[in-house]
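Read off the chains here:
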Amino acid sequence: MPAVAELTRADRVQLLALMEERERRLKRRKIDTYFPEFGPLRRELYPQHMHFFGLGVDFNTRCFMAANRVGKTEGGGGFETVLHLTGAYPDWWPGKRFSKAIDAWAAGDTKETVRDIIQTKLVGPESDVGTGLIPGDAILRTVKRQNGNGALDYVEVRHVSGKTSRLGFKSYDQGREAFQGTEKDLIWLDEEANEGIRSECVIRLMTTNGLLIETFTPLRGLTPIVLKYLGDEAQIPEDRIGRNGDRAIVMAGWDDVPHLSADQKRRMLAEAETHLVDARSKGTPNIGSGAIYPVAEDQVVCDDFDIPKHWPRAYGMDVGWNCTAAVFGALDPDADVLYCYSLHYQGQQEPSTHAAGINGRGKRVPGVIDPASRGRSQADGQNLLQLYVDLGLNVTTANNSRESGLYEVHQRLATGRLKFFKSLKPLLAEYRIYRRDEKGHVVKQKDHAMDALRYLVVSGLDVARADSHEDAAAYRRLRGLDD
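Notes on the structure in this doc start here.

So, the overall build of the chain
Then comes step 1: What the chain contains, in helices and strands, is 15 helices and 16 strands.
Then comes step 2: Taken against the 2.2 N^0.38 rule, which gives 23 Å for 483 residues, the C-alpha radius of gyration of the chain at 30 Å runs more than 25% over that of a compact globule.
Then comes step 3: Taking the principal axes of its C-alpha atoms as reference, the chain extends roughly 110 × 50 × 35 Å.
Then comes step 4: When the 483 residues of the chain are sorted by exposure, 49% land in the buried category.
Then comes step 5: Long-range pairs, those at least 24 residues apart, make up 66% of the contacts in the chain with a sequence separation of at least 6.
Then comes step 6: Of the accessible surface of the chain, which amounts to about 23,400 Å², a share of 47% is contributed by carbon and sulfur atoms.

Rendered as structure tokens:
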């Protein structure tokens, strides 16, 4: 090919026109630039994205919970949604495939954010429709929302079958009623919805066995929706890929993508609120600023070991029909460290069953119980405290001063004087989600072990004793306490 300087004027005009046409086509085929096979942004460098896509084969309900700037919206939910709308799947696509045109929704927080973020990423700006992820030549029609200030109600998209897919735009601020109606094949929720709206979306997908895709940064911490994916134990999988029943979750952070530089990460980290660092940088949730015990789990958990017989022991007990919990603790008297070493945690059972479970962990170990047990029991109206005493438990009532008790527990945790055996999974699950609401009130959900722990720390140590009189006497002699 001759140099440009050697071309005639007509050839130069033609070359310029060809270059402009190529640029126009590339601009209207943005989706083709995503996840290439080669180069610095090649798809093998996006492992969490690939896992998220691939899980669509086996899980119709998926969450891509990712850090800021990782590409959860455009490169995650948006990219997959467009593939399903058009049916033009790349050869490498590892996920679910629809063989027909689909009816779908994309939804976000407010009408404005849906218009400015989701709509713009998929369709392009109002002044340049066709430059978003949906190929320009596949957009058949856009219909604006009445008085929507440029917001679209829906877009019709050409499917490879020759049929037409339809994508409607919704926002959470429209309320739950806006998500009622006909069945859908796919619903993409960008940013975390409330439980009511999410429930309506699930119902819309039941008839079609459709896909629910959720993409968000977990800024609200361990919410009920996050716990649907992680399970009651709220345990973050080591590979940050979780499966819970018919749901799957993939977490992605800054280190899982190649498009963020070290300097960008440093600057974003400097701006992140302390309690949201993990959410914004790793895509992993925490309780947030409402944590009652803001002490990292890895600082309070220890490996199980055999408790020395001369260590004083006791348990705290919280009673209820849905769950009765008894947390057993042993005090290292030399270091003043309380180790929680055993746990009775069971629901919907009679007091006799709980008493057997607690006595089986040491009949001589004294305990302190929720003072509410002095009232009527959930079983048959008897005095529950007396009922447990009659069943052989050595229990007295605990001090139930909540705020001062929470302070005592926190002080022990913060100073390393309270540890949990790693085998106590229900207790650790509650520890992760024990929090206050926006008004500062303790959230009374899944907190039975936490209440029992408070009773143990506040009142249990006053009644704790060693395994036998002989062990206690030997310890006293060792410490010179009999002189």
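A word on helix H13 (residues 425-433)
Then comes step 1: Burial of H13 is extensive: seven of the nine residues sit out of reach of the surface.
Then comes step 2: Those residues of H13 lying buried are Leu427, Leu428, Ala429, Glu430, Tyr431, Arg432 and Ile433.

Details of the sheet that holds strand E13 (residues 337-346)
Paired through backbone hydrogen bonds, the strands of a sheet run either parallel or antiparallel to each other.
Then comes step 1: With respect to topology, seven strands assemble into an open sheet ordered E10-E16-E13-E12-E11-E14-E15, the strand pairing being mixed. Looking at which strands have only one partner, the edges of the open sheet turn out to be strand E10 (301-302) and strand E15 (395-397).
Then comes step 2: Both strand E14 (residues 367-369) and E15 contribute to a ladder of three bridges, which runs parallel. Counted as the bridge partner of Gly367 is Val395 from E15.
Then comes step 3: Packing of helix H10 (residues 351-359) onto the sheet brings it into contact with strand E11 (313-318), strand E12 (324-332) and E13, and relative to E13 it is tilted by some 145 degrees.

Focus: the side chain of Glu74
Then comes step 1: Relative to the assigned elements, Glu74 resides in helix H3 (residues 73-86).
Then comes step 2: Residue classification places Glu74 among the buried positions, given a relative accessible area of 14%.
Then comes step 3: Polar side-chain contacts of Glu74 include one of 2.8 Å to the side chain of Lys30.
Then comes step 4: One polar contact links Glu74 to Lys121, side chain to side chain, over a distance of 3.0 Å.

Basis of the calculations
- Residues numbered from 1 in each chain as written.
- Predicted model: local features only at pLDDT ≥ 70, side-chain atom pairs only at ≥ 80, totals over all residues.
- Heavy atoms only, no water.
- Helix = DSSP H or I, 4+ residues; strand = E, 2+ residues; numbered from the N terminus.
- Rg over C-alpha atoms; globule rule 2.2 N^0.38 Å.
- Buried < 20%, exposed > 50% of the residue type's maximum accessible area, 1.4 Å probe, protein only.
- Contact = heavy atoms within 4.5 Å.
- Areas by Shrake-Rupley, 256 points an atom, 1.4 Å probe, with all protein chains shown as cover.
- Pairing = 2+ DSSP bridges.
- Axes fitted to C-alpha atoms, helices over the stretch in contact; angles between N-to-C directions.
- Polar contact = N/O pair within 3.5 Å; in protein donor to acceptor, adjacent residues only side chain to side chain.

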